[in-house]
Amino acid sequence: RAPRPRNDLIVCAMSREQLFPRILVEHDASDVTIVCRARPGHRELSGTEVLFHCHSEILGLRCSVFADAVRFNILIGARAQWSACARRFELSADDDVVFEVLRYIYCGAVYFSLGFRERFLQFLSMIDFLGIEDMAERQLKDSAAAEFGHKKLSQDSPVGQSIFSEPGMQHWLQHLQTEDVLAFLRDDIISGALNNRPGAMGFNILYSFLAKLIDLRAQDFTVEVLGEKLYCQLAAFGHHRTPGHRGCKRRSMLQLPGPLVYVDLSKSQMHPMNLPGLEPVSTAAAHFSKASQEGSDTPRIVGRDAAAEGSTTRLPRLWHRGQILPEGVCRETLLQDWQQPQDPVVIFGESEQGNLLFETSLRRAHSRNAAERSNLAKALEVLVQSARSIEQLPVDDDAVMPVGSSGSSSPAGTSRRRQQTKLSFPNHHAVLFQLDLLQDFD
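Residues numbered from 1 in each chain as written. Predicted model: local features only at pLDDT ≥ 70, side-chain atom pairs only at ≥ 80, totals over all residues. Heavy atoms only, no water.

## Here we look at the overall build of the protein
We count it as follows: Numbering goes from the N terminus for both helices and strands, where a helix is a DSSP run of H or I of at least four residues and a strand is a run of E of at least two. Note on classification: 1.4 Å probe, protein chains only; a residue is buried when its accessible area is under 20% of the maximum for its type, exposed when over 50%, partly exposed between these limits. Note on contacts: a residue pair qualifies if any of its non-hydrogen atoms lie within 4.5 Å across the two residues.
Looking only at helices and strands, the protein has 20 helices and ten strands in total. Put simply, the protein has 442 residues, and 40% of those count as buried. Look at the contacts in the protein between residues 6 or more apart in sequence, and 64% of them connect residues 24 or more apart.

## Considering the packing of helix α6 (residues 95-107) against helix α7 (residues 116-130)
This is how the line gets drawn: Axis geometry follows a simple rule: fit a line to the C-alpha atoms, using only the stretch in contact for helices, then measure angles between N-to-C directions, giving values from 0 to 180 degrees. Throughout, the term roughly parallel applies to angles under 35 degrees, roughly antiparallel to angles over 145, roughly perpendicular to angles from 65 to 115, and oblique to all others. Handedness of a crossing follows from how the near helix is turned relative to the far one, being left-handed for an anticlockwise turn of less than a right angle and right-handed for a clockwise one.
Running from amino to carboxyl end, α6 crosses α7 at an angle of 55°, the nearest separation of the two axes being 9 Å. Overall, the two elements α6 and α7 adopt an arrangement that is oblique. Crossing of α6 over α7 shows right-handed handedness. Contacts between α6 and α7 involve Asp96, Val97, Glu100, Val101 and Ile105 on the former and, on the latter, Arg119, Gln122, Phe123, Met126, Ile127 and Leu130.

## A closer look at the sheet that holds strand β2 (residues 49-54)
What counts here: Two strands form a pair only when DSSP identifies at least two bridges running between them.
Taken in spatial order, the three strands line up as β2-β1-β3 in an open sheet, and their pairing is mixed. What marks the edges here is a single partner per strand, and that holds for β2 and β3 (87-94). Ignoring which end each strand starts from, the neighbouring axes of this sheet average 25° apart. Relative to β2, strand β1 (residues 32-37) runs antiparallel, the two being bridged by six bridges. By the bridge assignment, Val32 is partnered in β2 with Cys54.

## Quick look at the packing of aromatic side chains
Operational definition: Centres within 6.5 Å make a pair out of two Phe, Tyr or Trp rings, where for Trp the six-membered ring is used; the pair is then stacked when the planes are under 30 degrees apart, edge-to-face when over 60, and tilted otherwise. Definition used: whenever NZ (Lys) or CZ (Arg) falls within 6 Å of the ring centre and also within 35 degrees of the ring normal, the charge is taken to sit over that ring.
By the definition in use, this model includes 18 aromatic pairs. Centroid distance Phe66 to Phe89: 4.8 Å. Interplanar angle 50°. Geometry classified as tilted. One end of the pair, Phe66, is in helix α4 (residues 64-75); the other, Phe89, is in strand β3, with 23 residues separating them in the sequence. With a centroid separation of 6.2 Å and 10° between ring planes, the pair formed by Phe203 and Tyr207 is classed as stacked. On the criterion of helical spacing, the pair formed by Phe203 and Tyr207 is a turn pair, its members being four residues apart in helix α12 (residues 203-216). A relative accessible area of 30% places Tyr207 in the partly exposed class. Linked through ring pairs, Phe112, Phe116, Phe120, Phe123, Phe164, Trp172, Phe184 and Phe209 together constitute an aromatic cluster. The ring of Tyr104 has Arg62 sitting right over it, with the charged end atom 4.9 Å from the ring centre.

## A closer look at the environment of Asp96
Stated precisely, the cut-off is as follows: Residues adjacent in sequence count toward polar contacts only when both atoms are side-chain atoms; beyond that, a polar contact is any pair of N or O atoms within 3.5 Å, and within protein one must be able to donate a hydrogen and the other to accept it.
Along the chain, Asp96 falls in helix α6. Overall, the relative accessible area of 24% leaves Asp96 in the partly exposed class. Sequence-wise, Asp96 and Ala38 are 58 residues apart; in three dimensions their C-alpha atoms are separated by 7.9 Å. Here Asp96 is in contact with Arg39 and Arg119, once residues within four sequence places are set aside. A distance of 2.9 Å separates polar atoms of two side chains, one belonging to Asp96 and the other to Arg119.

## Some details on the sheet that holds strand β8 (residues 345-350)
The five strands lie next to each other as β5-β4-β8-β6-β7, forming an open sheet whose pairing is mixed. At either margin of the open sheet sits one strand with a lone partner, and together these are β5 (269-275) and β7 (323-324).

## Digging into the packing of α7 against helix α9 (residues 167-174)
Following both chains from N to C, one finds α7 and α9 inclined at 120°, their axes separated by 13 Å at the closest point. Taken as axis vectors, α7 and α9 run oblique relative to one another. As for the relative orientation of α7 and α9, their crossing is left-handed in sense. Together, Phe116, Arg117, Phe120 and Phe123 of α7 and Met169, Trp172 and Leu173 of α9 make up the contact between the two elements.

## Observations regarding helix α10 (residues 178-186)
Listed in full, the buried residues belonging to α10 are Asp180, Val181, Leu182, Phe184 and Leu185. Contacts from the buried residues of α10 go to α7, α9, α11 (188-194), α12, α13 (223-226) and α14 (228-235).

## Digging into the nonpolar core
One broad trend across soluble globular proteins is that nonpolar side chains are buried collectively. What counts is decided by this rule: Buried Ala, Val, Leu, Ile, Met, Phe, Trp, Tyr and Cys residues form a nonpolar core when they are joined through side-chain atoms within 4.5 Å.
With 65 residues, the main nonpolar core has Phe120, Phe123 and Phe209 as its most contacted residues. Sequence-distant contacts of Phe123, that is, excluding residues within four places in its chain, are made with Val97, Glu100, Val101, Val110, Phe116, Ile163 and Met169. Core analysis: the next-biggest nonpolar cluster, separate from the first, contains 16 residues, Met273, Val302, Val345 and Ile347 among them.

Take a look at the structure:
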């Protein structure tokens, strides 16, 4: 009788794609049996176990759970025992979900059936449990180390690829409904991880999933869509402090689009929008310039691709909190320590003509004596305080308070609400009159 071929030789002789159909039946090359439950509603398999006859060599390439088990057995000298008998590995999941996970392990692809949306979070849980995303991260690190000469890889060593980089997965995520995305984020599996509850989804798989969703569907991750509570939870993802903690400025791990208000001083127009991630705030000015040329509305969420096709005119000089913004600064950098991530950041765009007038006026102001400069500074402070007082108006009164009124008191029992403040002057002489200055410098 001819000796039986070794299992690892059979596996090496066949590709992963060729071995995948064989997991449905028992065969000699299989040395791992994965056991799971039959999916609900299946008449023939209801209440029974479903077996998949797999191969440790292939599972070890994609799953950190099996790779670590093999390394451990080699370390203790039990490799021969591992190969001699098939191991039973039980998963608390439905057979159709486990089958799709195995399809990805063997073939690098996922089949998206009509009911996949309802099974998706269970699918992610199995990816997390088997350490598939962790294994991809390890392989990426090994590949990076090999590029810098710190480590040598064999020709058969796999190159790590996140499951969210699979083209079918990206297409499926991109064409979900907004309601489906919100349902995923509010599910106990994901919301539990966002709130640091035990037994929820692991950090690596959740971070990869959220980062890919934000990259593909930034419009679904604005404060308006998510609500402030969920937005703050995502902004605080990966930090130990609570989402509502103030006084500790830190960069968010997830590049969420944040609210930004662009004020065009040359046209006296204000444009609220959402700026993605680390996109420079100059992108907002580029979008507004393009929209002004085309006579269209500025989009609610802006990105670098559209800005590259924008106006060829020179972008205005940008200001924030009395400071000229350097090139490339992003919204998150401008958030103050006391601000929440959902708070809007206001930037001002100054045209070339406005820049010239401002510089001229500033030079004229600096040419005056110290007493006049001090009076100007005090008058400007009074104007700012007056503008702030206008923001508080009674609910039943839509009239605009005159500049200079205190606005600090209200009738008893009358609630207050925030109102947008708009101050306009026909020319700089009217501004000087409002400031009660006797000198008229242009």
